[in-house]
Amino acid sequence: MTTQALPSALAAIVDDFQALSEPERLQLLLEFSEGLPELPDRLKDHPELLEQVVECQSPLFLTIETGTNDDGAVRLFFKAPPEAPTTRGFAGVLHEGLDGLTAEEILSVPDDMPELLGLTRAITPLRMRGMTAMLGRIKRKVAAASRSQA
């Protein structure tokens, strides 16, 4: 698969990863972990609004919001502990690459997109499954929200 099938922000991230050596890719993943935004105050004290991605080795929770504006943008929110940089990094990649896109754009992202980052030899298969599960959970929540708004 090429990055042409991806939304432009996500394609640019994948291109950045693919241009690097494996050790540099891990460093870039750590940079994404540091850039993951904190939850907004309205979600911080309401864990019941977040869904855990149990496939992740570290506790990761996420939620989406849709329909807040007429632009159809989907907003993504993640909660991952600072001591889980790989998990936070994956969440950071997905946040930067998908936040603000439409439901259709997010749903069109191929399920195997995490493999395009070129981390399969540097990251354990269990951690790669975690990122794939994050993307799957986001897409499932977006699809459900789209059905309920139709």
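A. Local environment of the layout of surface pockets. The computed volume of the largest pocket comes to approximately 170 Å³. Lining the largest pocket are Leu36, Pro37, Glu38, Leu39, Lys44, Phe78, Lys79, Ala80, Pro81, Pro82 and Arg88. Here the lining of the largest pocket is built from residues that sort into seven nonpolar, no polar and four charged.

B. Broad picture of the packing of helix H1 (residues 8–18) against helix H4 (residues 85–98). The interhelical angle for the contact between H1 and H4, taken along N-to-C directions, is 135 degrees, at an axis separation of 7 Å. It follows from the interaxial angle that H1 and H4 lie oblique. The hand of the H1/H4 crossing is right-handed. Of H4, the residues touching H1 (which contributes Ala9, Leu10, Ile13 and Phe17) are Val93, Glu96, Gly97 and Leu98. When its residues are assigned to classes, the contact of H1 with H4 shows six nonpolar, one polar and one charged.

C. Region of interest: the packing of aromatic side chains. Summed over the entire model, instances satisfying the criterion amount to one aromatic pair. Judged by centre distance (5.9 Å) and plane angle (20 degrees), the rings of phenylalanine 17 and phenylalanine 32 are stacked. Placement of phenylalanine 17 in helix H1 and of phenylalanine 32 in helix H2 (residues 22–34) is noted, with a sequence separation of 15 residues between them. Residue classification places phenylalanine 17 among the buried residues on the basis of a relative accessible area of 0%. The ring of phenylalanine 61 carries lysine 79 above its face, with NZ or CZ at 6.0 Å from the centroid.

D. Broad picture of the sheet that holds strand S3 (residues 75–79). Taken together, three strands build an open sheet; the order of strands is S1-S2-S3 and the sheet is antiparallel. A strand with exactly one partner marks an edge of an open sheet, and here the two such strands are strand S1 (51–52) and S3. The sheet contact formed by strand S2 (residues 61–65) and S3 spans five bridges and is antiparallel. Paired with glutamate 65 across the strands is arginine 75, a residue of S3. Taken strand by strand, helix H6 (residues 125–149) contacts S1, S2 and S3, and its axis lies near 30 degrees from that of S2.

E. Region of the structure containing the pattern of salt bridges. Tallied over the entire structure, the rule returns nine salt bridges. Residue arginine 137 is joined to glutamate 55 by a salt bridge in which the shortest nitrogen-to-oxygen separation is 2.9 Å. Taken together, the residues span a long stretch of sequence, with arginine 137 in helix H6 and glutamate 55 in the loop between S1 and S2 at a distance of 82 residues.

F. View of empty space enclosed by the protein. Tallied over the full model, the rule gives one cavity of 30 Å³ or more. In this structure, the largest cavity spans a volume of roughly 40 Å³. Lining the largest cavity, in full, are Cys56, Gln57, Thr86, Thr87, Phe90, Arg127, Gly130, Met131 and Met134. Broken down by element, the residue count for the lining of the largest cavity peaks at four residues, all from H6. Class assignment of the residues belonging to the lining of the largest cavity gives a composition of four nonpolar, four polar and one charged.

Procedures and definitions
Residues numbered from 1 in each chain as written. Predicted model: local features only at pLDDT ≥ 70, side-chain atom pairs only at ≥ 80, totals over all residues. Heavy atoms only, no water. 1 Å grid on protein atoms, 1.4 Å probe; cavity = no way out; pocket = protein on both sides within 12 Å on 5 of 7 lines; lining within 4 Å. Points joined across faces, edges and corners; volume = space filled by probe spheres on them. Nonpolar A, V, L, I, M, F, W, Y, C, P; charged D, E, K, R; others polar. Axes fitted to C-alpha atoms, helices over the stretch in contact; angles between N-to-C directions. Helix = DSSP H or I, 4+ residues; strand = E, 2+ residues; numbered from the N terminus. Parallel < 35°, antiparallel > 145°, perpendicular 65-115°, else oblique. Left-handed = near helix turned anticlockwise from the far one by under 90°. Contact = heavy atoms within 4.5 Å. Phe/Tyr/Trp six-rings, centres within 6.5 Å; stacked < 30°, edge-to-face > 60°. Buried < 20%, exposed > 50% of the residue type's maximum accessible area, 1.4 Å probe, protein only. Lys NZ or Arg CZ within 6 Å of the ring centre and 35° of its normal. Pairing = 2+ DSSP bridges. Salt bridge = Lys/Arg side-chain N within 4 Å of Asp/Glu carboxyl O.

Everything listed here is a matter of coordinates, which is why it stays silent on function.
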